[in-house]
Amino acid sequence: MQVYGLLGNPVGHSLSPRIHQAAYREFGMDACYATFEPEPADLEAAIEGARALGIRGLNVTIPFKRDAISFVELDELADRIGAVNTIDFDGDRPTGHNTDAIGARRALEHHDVTLDGARAVLVGAGGAGRAIAFALSDAGATVNIANRTESRARNLATEVPNATGHGLSDLTDLLTNAEVLVNATSVGMDEDDSPVPAETLHRDLTVMDIVYHPLRTRLLRDAADRDATTIDGGWMLLYQAVAAFERWTGQEAPVDAMNDALRAEIE
Ligand code: ATR
């Protein structure tokens, strides 16, 4: 049996097992996806142990995404982002990848959003914001990063090509001419709040939220009220798993089956 899994702490509420197992079922694979909660001090031993046991691939989540970079060979994107959410054991040394960034881009592309030449506004400059900033920039967008702590946005913008850093008070101006808005903050998670004033949203915007609990966040409801296109947080979650599956197996993922499994849990 091929074994895959997730390293994090806590991982009890993760949807990844269901999404990946749906893919194994769809393809009739003799595979399973388990969750592991090592102590932070044991991260290196956990990764080395997984390699020794013949585990094929691991996802990595909070709080290990940054620390894991020390124990794997990074691909170019993960190296720039400075965080890993996918480890591939198919080789001499485990390799680290960042399918959060790939997932964000594929979620937007799935909805026919053209990023090349687009003006994008990214709210949030934490771990998720960082991955998405590189993804948008790599796809050819101009990335205006707005964050509650402005210095964090400015610092991130110095690392990302074609990016600028701002405080949240600049959002009104930034959104006037933007085509894409991504919320990469935790605002809206289990609360009816939005990081973006509703009156700044407009019909020429595509608005993607990374928050998926609830699925229809206040931001997305405000956006829909103003006839903007909306992409809920399930899509990035789906496509980071799709990209991890494809990295590990070399096969095109059964996206619909994975999406059905995900939606069965979060809708
Ligand atoms: P993650 O890895 O999920 O991105 P993080 O690194 O803690 O988590 O980042 C959380 C992001 O949400 C940050 O951009 C944070 O803004 P600050 O850098 O100013 O802390 C943002 N955030 C969290 N709560 C917020 C709030 N109430 N209003 C605005 N932004 C908030």
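Keep in mind it's a predicted model, so treat the numbers as computed, not measured. (Residues numbered from 1 in each chain as written. Predicted model: local features only at pLDDT ≥ 70, side-chain atom pairs only at ≥ 80, totals over all residues. Heavy atoms only, no water.)

**Brief notes about the nonpolar core**
Inside soluble globular proteins, nonpolar side chains tend to come together where they are buried.
And step 1. Ranked by internal contacts, the top residues of the largest apolar core, which has 60 residues, are Leu 122, Ile 132, Leu 136, Ile 145 and Met 258.
And step 2. Looking at which element gives the most residues to this core, the answer is helix α9 (residues 234-249), with 10 residues.
And step 3. Filtering out sequence-adjacent residues up to four positions away, Met 258 remains in contact with Ile 19, Ala 22, Ala 23, Leu 238, Ala 241, Val 242, Phe 245 and Ala 253.
And step 4. Among the nonpolar cores identified, the runner-up in size contains 16 residues, and Ala 178, Leu 201, Leu 220 and Ala 223 belong to it. (Core = buried A, V, L, I, M, F, W, Y, C linked by side-chain atoms within 4.5 Å. Buried < 20%, exposed > 50% of the residue type's maximum accessible area, 1.4 Å probe, protein only. Helix = DSSP H or I, 4+ residues; strand = E, 2+ residues; numbered from the N terminus. Contact = heavy atoms within 4.5 Å.)

**Some words on the packing of α9 against helix α10 (residues 255-266)**
And step 1. Interhelical geometry of α9 versus α10 gives an angle of 140° and a closest axis separation of 10 Å. The angle between α9 and α10 places the two elements in the oblique class. Crossing of α9 over α10 shows right-handed handedness. Note on element contacts: α10 touches α9 through Val 255, Met 258, Asn 259, Leu 262, Arg 263 and Ile 266, opposite Gly 234, Trp 235, Leu 237, Leu 238, Tyr 239, Ala 241, Val 242 and Phe 245.
And step 2. Residue composition of the contact of α9 with α10, by class: 11 nonpolar, two polar and one charged. (Axes fitted to C-alpha atoms, helices over the stretch in contact; angles between N-to-C directions. Parallel < 35°, antiparallel > 145°, perpendicular 65-115°, else oblique. Left-handed = near helix turned anticlockwise from the far one by under 90°. Nonpolar A, V, L, I, M, F, W, Y, C, P; charged D, E, K, R; others polar.)

**Points about the site of the ligand**
And step 1. Around the ligand, the neighbouring residues are Gly 124, Ala 125, Gly 126, Gly 127, Ala 128, Asn 147, Arg 148, Thr 149, Arg 152, Thr 185, Ser 186 and Val 187.
And step 2. Gly 127 has a polar backbone atom sitting 3.0 Å from an oxygen atom of the ligand.
And step 3. Separating an oxygen atom of the ligand from a backbone N or O atom of Ala 128 is a distance of 3.0 Å.
And step 4. Protein coverage of the free-state accessible area of the ligand, which is 640 Å², stands at 66%. (Near = heavy atom within 4 Å. Polar contact = N/O pair within 3.5 Å; in protein donor to acceptor, adjacent residues only side chain to side chain. Areas by Shrake-Rupley, 256 points an atom, 1.4 Å probe, with all protein chains shown as cover.)

**Concerning the sheet that holds strand β5 (residues 86-88)**
And step 1. The strand order across the open sheet formed by six strands is β2-β1-β3-β5-β6-β4, and the pairing between neighbours is mixed. One side of each edge strand has no neighbouring strand; the edge strands of this open sheet are β2 (31-36) and β4 (73-74).
And step 2. As judged from the four bridges shared by strand β1 (residues 2-7) and strand β3 (residues 57-60), these two strands associate in the parallel manner. Residue pairing across strands places Leu 7 opposite Val 60, the latter belonging to β3.
And step 3. Taken strand by strand, helix α1 (residues 16-27) contacts β1, β2 and β3, and its axis lies near 170° from that of β2.
And step 4. Strands β1, β2, β3, β5 and β6 (95-97) of the sheet are contacted by α9, whose axis makes an angle of about 5° with β5. (Pairing = 2+ DSSP bridges.)

Without other data, these values stay purely geometric and don't point to any function.
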